[in-house]
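The primary structure of each chain is shown beneath.
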Amino acid sequence: MSWLEPAPFLRGTAWLDGDRPVRADPADLERLPWDIAERAALPIGVRVEFTAAPGTRAVELRYRAAVPGPGDALRSLRHGFALWRGPRCLAEAFPEPATEGTVRLELPRSGGEFTVHPPEGQAPVVRGLRPVGGALAPAPRRPRWLVHGDSITEGWWSTRPAHSWPATAGRALGLDAVNLGYAGGARGELPLAEHLARLPGELITLAFGTNCWSTVPCSAPLLYETTRAFVTLVRRGHPDTPLLLLSPVLRPAAELTGNALGATLGQLREAMEEAVRGLVAAGDTRLALLPGRPLLGPQDLADGLHPNDRGHRRIAAAVAGALRTAGFVPPGPS
């Protein structure tokens, strides 16, 4: 069978630069710091979602991707593809890394709806897919959930792309999670707020702040005003879109330690939360706050900063609960 065009099957896409899914507006990169523009070139959270007819034996994906160097200790895992159905991973495949390749994933003969998670860090571009012994169709479209944040949102130290908290919460809520997390970034960059304002979506979550303690240090008053400005700019394009702000999660080394401007992470978190409460009090009834400090304990961190898989699950559960409590998504099963 001939290869199917991938575009109708891709989910989690923000923008396309040619055939490459990217995570910042390619027409507006010059206003972004170089590190964010670099991270935005990685298709974090981009997935292939399809429905397979009963009897379909497998799906094949044709792709191109970066190839890790010969000295990379994890070379054999870099081109890993994972097949999911609902909340369960059914299979993984690890083809030999190649600039151009094809991977095959066996399917249950009963058919159904499936998701393939490509190897995000190798900047893969899916060039086509085809069924083996049956038929494929694009999965139904789901509401788009725009999730802006830093390396924690990007999924750092989760053991698989599908284990990041946005991916986990997106599955639980039936949403098309669009991952706009930038490792080292999400410092309240206002051009990114304008990108979000232009990007279609039915739900938005902002989860930044920890890099405002160290990478580009903020004072508490500065972060208070930055938070208000960021939300205000997002609201120019999404005046009534439900928006949840998640303040920074636990970072033990920063909680009581002042940064270069003397602000502890606890003080920065408090400033962000106060900014949200002020905007709600001023009439933004579609804005909600999830305080991040209580969500994780030290045992949920892989390196004192980034969550392990358990930590990502805990954040996902808390975000899903907050979205339901705020009435931004339907309630879950009782």
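Residues numbered from 1 in each chain as written. Predicted model: local features only at pLDDT ≥ 70, side-chain atom pairs only at ≥ 80, totals over all residues. Heavy atoms only, no water.

Undergrad: Just to check I follow, could you spell out the layout of surface pockets for this structure?
TA: Rolled over the atoms, a probe as big as a water molecule pinpoints where empty space is left. Volume-wise, the largest pocket comes out at about 860 Å³. Lining the largest pocket are 29 residues; nearest its centre among them are Arg78, Ser158, Thr159, Arg160 and Pro161. At the level of elements, β6 (81-85) and β7 (88-93) are the ones that each hand at least two residues to the lining of the largest pocket. Considering each element in turn, the lining of the largest pocket owes the most residues, three residues, to β6. Split by residue class, the lining of the largest pocket holds 14 nonpolar, nine polar and six charged. Roughly 360 Å³ of volume is contained in the second largest pocket. In terms of lining residues, the second largest pocket is bounded by 24 residues, among which Arg47, Glu49, Thr115, Gly170 and Arg171 are the most central. Elements with a contribution of two residues or more to the lining of the second largest pocket: β4 (47-52), β6, β9 (112-117), α3 (165-173) and β13 (176-181). By residue class, the composition of the lining of the second largest pocket is nine nonpolar, eight polar and seven charged. (1 Å grid on protein atoms, 1.4 Å probe; cavity = no way out; pocket = protein on both sides within 12 Å on 5 of 7 lines; lining within 4 Å. Points joined across faces, edges and corners; volume = space filled by probe spheres on them. Helix = DSSP H or I, 4+ residues; strand = E, 2+ residues; numbered from the N terminus. Nonpolar A, V, L, I, M, F, W, Y, C, P; charged D, E, K, R; others polar.)

Undergrad: Help me understand the packing of aromatic side chains, please; the structure alone is not making it clear to me.
TA: Working definition: an aromatic ring pair is given by the centre-to-centre distance plus the angle between the planes. One pass over the structure, following the stated rule, counts four aromatic pairs. With a centroid separation of 4.8 Å and an interplanar angle of 55 degrees, the aromatic rings of Tyr63 and Phe81 are classed as tilted. Separated by 18 residues along the polypeptide, Tyr63 in strand β5 (residues 58-64) and Phe81 in strand β6 bring together distant segments of the chain. On the basis of relative accessibility, which here comes to 1%, the residue Phe81 falls in the buried class. One residue, Arg130, lies across the ring of Trp3, its end atom 4.0 Å from the ring centre. (Phe/Tyr/Trp six-rings, centres within 6.5 Å; stacked < 30°, edge-to-face > 60°. Buried < 20%, exposed > 50% of the residue type's maximum accessible area, 1.4 Å probe, protein only. Lys NZ or Arg CZ within 6 Å of the ring centre and 35° of its normal.)

Undergrad: Which parts of the structure should I look at to understand α3?
TA: Every α-helical turn comprises 3.6 residues, leaving residues that sit three or four positions apart pointing alike. For α3, the buried fraction is high: seven of the nine residues fall into the buried class. Among all positions of α3, only Trp165, Pro166, Ala167, Thr168, Ala169, Gly170 and Leu173 are buried. Where α3 is buried, its residues contact β12 (144-149), α2 (151-154), β13, β14 (203-207), β15 (243-246) and α7 (309-325). Phi turns positive, to about 70 degrees, at Gly174, one or two residues after α3. (Contact = heavy atoms within 4.5 Å.)

Undergrad: Mind showing me how you'd approach the sheet that holds strand β16 (residues 287-290) here?
TA: Adjacent strands of a sheet form backbone hydrogen bonds with each other and so pair up, either parallel or antiparallel. Read across the sheet, five strands follow the order β13-β12-β14-β15-β16 without closing on themselves; strand pairing throughout is parallel. The sheet is open, and its two borders are formed by β13 and β16, each paired with just one other strand. Taking each pair of neighbouring strands and ignoring which way they run, the sheet shows an average axis angle of 20 degrees. The pairing of β14 with β15 spans three bridges and is parallel. Across the sheet, residue Thr205 finds its bridge partner in β15, namely Leu244. Where helix α6 (residues 265-281) meets the sheet, its contacts fall on β15 and β16, and the angle it forms with β16 comes to roughly 155 degrees. (Pairing = 2+ DSSP bridges. Axes fitted to C-alpha atoms, helices over the stretch in contact; angles between N-to-C directions.)

Undergrad: For this particular structure, what's the right way to read the packing of helix α5 (residues 220-237) against α6?
TA: A pair of packed helices can be characterised by two numbers: the angle between their axes and the separation between those axes. Relative orientation of the contacting elements α5 and α6 amounts to 40 degrees, with a least axis distance of 8 Å. On the basis of the axis angle, α5 is oblique to α6. The crossing of α5 and α6 is right-handed. Residue-level inspection shows Ala220, Leu223, Tyr224, Thr227, Arg228 and Val231 of α5 in contact with α6, the latter providing Gln267, Leu268, Ala271, Met272, Glu274, Ala275, Val276, Gly278 and Leu279. Across the contact of α5 with α6, the residue classes tally to 10 nonpolar, three polar and two charged. (Parallel < 35°, antiparallel > 145°, perpendicular 65-115°, else oblique. Left-handed = near helix turned anticlockwise from the far one by under 90°.)

Undergrad: Whenever I open this one, unusual backbone geometry confuses me. Can you help?
TA: Leaving glycine out, the prevailing phi sign among residues is negative, and the prevailing peptide bond configuration is trans. Despite not being glycine, Ala123 has its phi angle at roughly 50 degrees, a positive value. Among the residues examined, Ala123 registers a relative accessible area of 32% and is labelled partly exposed. If you check the backbone angles, Ala186 has positive phi at about 55 degrees while not being a glycine.

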